[in-house]
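Structural features, examined
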Amino acid sequence: MNFLEERILKDGIVKEGNVLKVDSFLNHQMDVKLLDEIGKEFHRRFADKKVTKVLTIEASGIAIAYTVARCFDVPMVFAKKSKSVNVDGEMYTAEVESFTHKNKNQVIVSKKFLGKDDHVLIVDDFLANGCALQGLVSIAESAGATVEGIGIVIEKGFQIGGRVIRNLGYQLESLAIVDAMDAKTRTVTFREQ
């Protein structure tokens, strides 16, 4: 069992509807030492790749992408879920559906920050159905960038997202893959990696 699986078992909360709450350490309150370990582990797993940018989606992916980008010593870019007055110029866009929020968002990345010379590592906190990742891959491909790999902190292995992304041919590395959760017994079963 790895450091992340141990933390999930210690502090994660299983809820009805296949929800795993990790907001006490990953995506609301953040354990910065744990984030540092996550960054180091993704750096180790993708060390042989030429990474020039780390790409994620707001909001939960930002802290993770930041620590990964620090380890690679490259810029981090995040797709915004809404256009604001301080976002101008041409944009790459993709529509993504959120498993957690049960809604669709048009996400945007400024063309100033992603281009054909970039080698992108995409990272995010969760992978369920893979919609957010497919949107980020679409944005990277629209920019002409090379997707070097995808790093996920927690993959719900019992949902289709991991299978979809792997079938597209991308190197997908998940630090913890949850094969089953039971809200009644509050148990989590991890896939052996």
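The following paragraphs examine the structure supplied in this document. Position numbers for residues start from 1 in each chain and track the written sequence from start to end. In view of the model being predicted, local features appear only for residues whose pLDDT reaches at least 70, and side-chain atom pairs are presented and counted only at 80 or more, with totals across whole chains, interfaces and linings using the full set of residues. The side-chain figures draw on all heavy atoms in the structure; neither hydrogens nor water molecules are used.

Regarding the pairing of strand 3 (residues 53-57)
Counted residue by residue, strand 3 has 5 buried out of 5 residues, so it is predominantly covered. Two strands are said to pair when DSSP picks up at least two bridges between them. Helix and strand definitions follow DSSP, with helices as H or I runs of at least four residues and strands as E runs of at least two, each counted in order from the N terminus. In terms of strand pairing, strand 3 meets strand 7 (residues 119-127) through 3 bridges, oriented parallel. Bridge assignment links Leu55 to a residue of strand 7, and that residue is Ile122. With the strands aimed away from the viewer, a crossover counts as right-handed if its path from the first strand over the helix to the second runs clockwise. This β-α-β element, strand 3 to helix 3 (residues 61-72) to strand 4 (residues 76-79), shows right-handed connectivity. Think of it in three bands: with a 1.4 Å probe and only protein chains considered, a residue is buried below 20% of the maximum accessible area for its type, exposed above 50%, and partly exposed in between.

What about the side chain of Glu5?
Of note, Glu5 is situated in helix 1 (residues 3-11). In what follows, residue pairs with any heavy atoms lying within 4.5 Å of each other are defined as contacts. The contact partners of Glu5, leaving out residues within four places of it in the chain, are Leu175, Ala176, Phe190, Arg191 and Gln193.

Observations regarding the nonpolar core
Among the buried residues, those of types Ala, Val, Leu, Ile, Met, Phe, Trp, Tyr and Cys that are joined through side-chain atoms within 4.5 Å form a nonpolar core. Core analysis: the biggest nonpolar cluster contains 33 residues, and Leu4, Leu20, Leu26, Ile38, Ile64 and Ile154 have the highest contact counts within it. Of all the elements in the fold, those that place two or more residues in this core are helix 1, helix 2 (32-45), helix 3, strand 7, strand 8 (146-156), strand 9 (172-182) and strand 10 (187-190). The element that contributes the greatest number of residues to this core is helix 3, accounting for 6 residues. Excluding anything up to four places from it in sequence, Ile38 contacts Phe3, Leu26, Ile64, Val153 and Leu175. Counting residues in hydrophobic clusters, the runner-up holds 26 residues, among them Ile57, Val77, Ala94 and Leu136.

Describing the pattern of salt bridges
Pairing is possible between side chains that carry opposite charge, provided their charged atoms lie close to one another. Any Lys or Arg side-chain nitrogen found within 4 Å of a carboxyl oxygen on Asp or Glu counts as a salt bridge. For the structure shown, the criterion picks out 13 salt bridges. Lys21 is the partner of Asp23 in a salt bridge, and the nearest nitrogen-oxygen pair spans 2.9 Å. Relative accessible area serves as the criterion here: at 25%, Asp23 is assigned to the partly exposed category. The residue Arg44 makes a salt bridge to Glu41 at a minimum N-O spacing of 2.5 Å. You can see Arg44 and its partner Glu41 sitting in helix 2, 3 residues apart, about one turn around the helix. Its relative accessible area of 55% is what places Arg44 among the exposed residues. The exposure class assigned to Glu41 is buried, which follows from its relative accessible area of 14%. Each of Arg7, Lys10, Asp11 and Asp31 takes part in salt bridges that share partners, so that together they form one network.

Brief notes about the packing of helix 2 against helix 3
Packed helices, taken two at a time, are described by their axes: the angle between them and the distance between them. Between N-to-C directions, angles span 0 to 180 degrees; the directions come from axes that are lines fitted to C-alpha atoms, helices contributing only their stretch in contact. In the contact formed by helix 2 and helix 3, the axes pass within 8 Å of each other and the chain directions differ by 55°. With respect to their mutual orientation, helix 2 and helix 3 come out oblique. Note on packing geometry: the crossing formed by helix 2 with helix 3 is right-handed. Residues Leu35, Asp36, Ile38, Gly39, Lys40, Phe42 and His43 of helix 2 form the contact with helix 3, whose own contacting residues are Ala63, Ile64, Thr67, Val68, Cys71 and Phe72. Any angle from 65 to 115 degrees is called roughly perpendicular, while one under 35 is roughly parallel, one over 145 is roughly antiparallel, and all others are oblique. Note on convention: near helix rotated counterclockwise from far helix by under a right angle means a left-handed crossing. Clockwise means right-handed.

Observations concerning helix 4 (residues 131-142)
Every helix has an expected span of 1.5 Å times one less than the residues it contains. The end-to-end C-alpha distance of helix 4 is 16 Å, a good match for the 16 Å that 12 residues give at a rise of 1.5 Å each. Burial in helix 4 covers these residues: Leu133, Gly135, Leu136, Val137, Ile139 and Ala140.

Examining unusual backbone geometry
The peptide bond linking Glu58 to Ala59 adopts the cis configuration, its omega dihedral lying at 5°. Positionally, Ala59 belongs in the loop between strand 3 and helix 3. One non-glycine residue, Asp73, lies in the positive phi region at around 60°.

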